[in-house]
Amino acid sequence: MTDDIFELELRTMAHGGRAMGRHQGQVVFVPYAIPGERIEARLSGRSGRVAFAEGLRLLEASADRVWPQCPHFGPGRCGQCQWQHIDYAAQLLLKQDVLADQLARIGGLDDVEVLPTIPAPATRGYRWGLTLRVNRAGQPGLPSERAGQVVWPEACHVAHPDLLELLPTLELDIDGLRELRLLRGSDGALMLLLTMRNDRAPELLSDLPASVNMLLKGGEPVNLIGASHLVREVAGRRFRVTAGSSFRAHDALLPRLATLVRQWLAPKAGEHVLDLYAGVGFFSAFLAEDAGLVTLVERFPPAVTDAESNLEAFDNIDLIEGRVEEVLPELDTPVDAALVDPPREGLSAEAVDSLAACGAARLVYVSGDAATLARDARRLRARGWQLRQAQPVDLEPLTWRIDTVALLERRA
């Protein structure tokens, strides 16, 4: 074997979905491999003290390896699912392990109770949104692992079947189209959400089997055809979600997620609870039943309007439009507990400082990325918080993505 081709034993799974081994004392990351396997690998690149390789031959397979069903799965193809080759029970264990590793390595938190991953009721057809990108040649498709390339989805095992059935009915030769999102509501209503290379609305046929909205460069939605919003129903509650507002795509697990947040935050009558990065008011709808006052903070104006509609049955909710970093220092009501549900980028340093100053005794952090959760938990610990428990929830089966609910409490 040459220096660029070598045998490698994979020892663990790394954040980002690659298996990790060591060759000549250097850490090597390999996609589409599983811890415990031995492969013949070829070096594909280096970055600092780590190397990257691709698998050439499988010398010893893991007992957890399964045959991937999607024709688009694999190196150089669609990059939406990275773990179709791993048995689902093993995926759950790997996510628990990766989360614990990130908390220990990045957060310095090796004494946190990381609970077993809550499984998804179904691993296929769970995603109620599908995003297509348009490459420089004007071809639409799912983003490929290869930069600038796309894959037309003849099949997609994670997307809801209604979205795939919608695709052949669309005329996608739209001048200036950069991105197209296909969305489905709980009642079966469909929506197309266009992002253009400029802010000019395209000419569209009016007999499309879906409503059509466009997002301007600043994020403001513009209604072109049909409805401006979809309806999502969770645990008997209906949520209006305007084009551009965020709402998790895995409906089957959302009741469990809401219950977990409610139990861990444990709001009591007379308590003041913060719901930060609140979106359309999903969590507030469950917290308001127990709390004395819920203050909802969201910066996206259409989402705040949605929240006003979704929470109109409650008279103990205060809605504030604005950035968390700017709103928190202006609050003059004592806070008992806080919920944060930030984007995957996590909390800014300003937000961490503002949280530390708000006086809440309990904090529940809903995270979409294990690495940023670990970083933020480290920052919060320096300001008097202790991470007690972390509960991974598998909202994105067949991918390496880890959603987590974390409980932090003030140290005595």
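Preceding this paragraph is the structure being described.
Read on for an overview of the structure. Nothing here was measured: the structure is a model prediction, and the numbers come from that model.

1. Thoughts on the overall build of the chain
Within the chain, the regular secondary structure consists of 8 helices and 22 strands. In terms of overall dimensions, the chain has C-alpha extents of about 70 × 60 × 35 Å along its principal axes. In the chain, which comprises 412 residues, the proportion classed as buried is 54%. Taking the contacts inside the chain whose residues are at least 6 apart along the sequence as the reference set, 58% of them involve residues at least 24 apart. Summed over all atoms, the accessible surface of the chain reaches about 18,700 Å², with 46% contributed by carbon and sulfur. Here the chain carries 44 positive and 56 negative side-chain charges, and the mean point of each set is 6 Å from the other.

2. Some thoughts on the packing of aromatic side chains
Inspection of every chain in the model, using the stated rule, returns 7 aromatic pairs. Ring geometry for Y32 and F73: centres 5.1 Å apart, planes at 85°, overall edge-to-face. Of this pair, Y32 sits in the loop between strand 3 (26-30) and strand 4 (38-47) while F73 is found in the loop between strand 5 (50-60) and helix 1 (88-105), placing the two residues 41 residues apart along the sequence. F73 carries the same exposure label as Y32, and that label is buried. Geometrically, the ring pair formed by F239 and F247 is tilted, given 5.8 Å between the ring centres and 45° between the ring planes. This pair shows no difference in class: F239 is buried, exactly as F247 is. In this arrangement the basic side chain of R184 is found over the ring face of W128, its NZ or CZ atom lying 4.8 Å from the centre. Here R237 stacks its cationic end above the ring of F286, 4.2 Å away from the centre of that ring.

3. A word on the pairing of strand 10 (residues 177-184)
Counting buried positions along strand 10 yields 6 of 8 residues, so the element is predominantly enclosed. Relative to strand 10, strand 7 (residues 129-134) is paired through 5 bridges, and the arrangement is antiparallel. Within strand 10, the residue paired with G129 across the bridge is L183. Relative to strand 11 (residues 190-196), strand 10 is paired through 7 bridges, and the arrangement is antiparallel. Each bridged residue has a counterpart across the sheet, and for L177 the counterpart in strand 11 is M196.

4. Observations regarding the nonpolar core
Of all hydrophobic cores here, the largest spans 54 residues; its most connected members are L103 and L276. Other than its neighbours up to four places away in sequence, L276 contacts V297, V324, L328, L339, V340, D341 and L355.

5. With respect to the pairing of strand 13 (residues 221-225)
Where strand 12 (residues 211-215) meets strand 13, 4 bridges bridge the pair, whose relative direction is antiparallel. When the bridges of strand 13 are listed, N213 appears paired with N223. Remark: 5 residues form the turn of the hairpin made by strand 12 and strand 13, two consecutive strands paired antiparallel; G219 in that turn has positive phi of roughly 95°.

6. A closer look at empty space enclosed by the protein
A full pass over the atoms with the stated rule returns 1 cavity of 30 Å³ or more. If you add up the space inside the largest cavity, you get close to 90 Å³. For the largest cavity, the full set of lining residues is C70, H72, F73, C78, Q80, C81, Q84, L142, A155, C156 and H157. Tallied by class, residues from the lining of the largest cavity come to 7 nonpolar, 4 polar and no charged.

7. Let's talk about the layout of surface pockets
In this approach a probe as big as a water molecule rolls over the atoms, and the regions it shows empty are the leftover space. Estimates place the volume of the second largest pocket at around 260 Å³. Forming the boundary of the second largest pocket are T12, M13, A14, H15, M20, V27, F29, V50, D101, Q102 and R105. Of all the secondary-structure elements, those providing two or more residues to the lining of the second largest pocket are strand 1 (5-13), strand 3 and helix 1. If you tally residues by element for the lining of the second largest pocket, the top one is helix 1, at 3 residues. For the lining of the second largest pocket, the residue count by class is 6 nonpolar, 3 polar and 2 charged.

8. A look at helix 8 (residues 370-381)
If you check helix 8, its first and last C-alpha atoms are 16 Å apart, about what 12 residues at 1.5 Å a residue would give, namely 16 Å. Those residues of helix 8 that sit buried are A370, A371, T372, L373, A374, D376, A377 and L380. Taken together, the buried residues of helix 8 touch helix 1, helix 7 (349-358), strand 20 (362-367), strand 21 (385-393) and strand 22 (403-410). Measuring from the backbone nitrogen of A371 back to the side-chain oxygen at the start of helix 8 gives 3.0 Å, which picks out D369 as the cap.

9. Some remarks on the sheet that holds strand 5
As summarised here, the arrangement of the 5 strands in space is 1-2-3-5-4, forming a closed barrel in which the pairing is mixed. Within this sheet the neighbouring strands show an average axis-to-axis angle of 50°, counted without direction.

10. A few points about the packing of helix 1 against helix 8
Relative orientation of the contacting elements helix 1 and helix 8 amounts to 35°, with a least axis distance of 8 Å. In this structure, the crossing between helix 1 and helix 8 has a hand that is right-handed. Seen from helix 1, the contacting residues are L99, Q102 and L103; seen from helix 8, they are A370, A371, L373 and A374. Taken together, the residues of the contact of helix 1 with helix 8 break down into 6 nonpolar, 1 polar and no charged.

11. Focus: a positive patch on the surface
A contiguous patch of positive charge, built from R136, R178, R197 and K217, is present on the exposed surface. What makes R178 partly exposed here is its relative accessible area of 39%.

So, how was this worked out
- Residues numbered from 1 in each chain as written.
- Predicted model: local features only at pLDDT ≥ 70, side-chain atom pairs only at ≥ 80, totals over all residues.
- Heavy atoms only, no water.
- Helix = DSSP H or I, 4+ residues; strand = E, 2+ residues; numbered from the N terminus.
- Buried < 20%, exposed > 50% of the residue type's maximum accessible area, 1.4 Å probe, protein only.
- Contact = heavy atoms within 4.5 Å.
- Areas by Shrake-Rupley, 256 points an atom, 1.4 Å probe, with all protein chains shown as cover.
- Lys, Arg positive; Asp, Glu negative; His and termini not counted.
- Charge placed at Lys NZ, Arg CZ, Asp CG, Glu CD.
- Phe/Tyr/Trp six-rings, centres within 6.5 Å; stacked < 30°, edge-to-face > 60°.
- Lys NZ or Arg CZ within 6 Å of the ring centre and 35° of its normal.
- Pairing = 2+ DSSP bridges.
- Core = buried A, V, L, I, M, F, W, Y, C linked by side-chain atoms within 4.5 Å.
- 1 Å grid on protein atoms, 1.4 Å probe; cavity = no way out; pocket = protein on both sides within 12 Å on 5 of 7 lines; lining within 4 Å.
- Points joined across faces, edges and corners; volume = space filled by probe spheres on them.
- Nonpolar A, V, L, I, M, F, W, Y, C, P; charged D, E, K, R; others polar.
- Expected span 1.5 Å × (residues − 1).
- Polar contact = N/O pair within 3.5 Å; in protein donor to acceptor, adjacent residues only side chain to side chain.
- Axes fitted to C-alpha atoms, helices over the stretch in contact; angles between N-to-C directions.
- Left-handed = near helix turned anticlockwise from the far one by under 90°.
- Patch = residues over 30% accessible without salt bridge, like charges linked within 9 Å, V, L, I, M, F, W, Y side chains within 5 Å.
- Salt bridge = Lys/Arg side-chain N within 4 Å of Asp/Glu carboxyl O.

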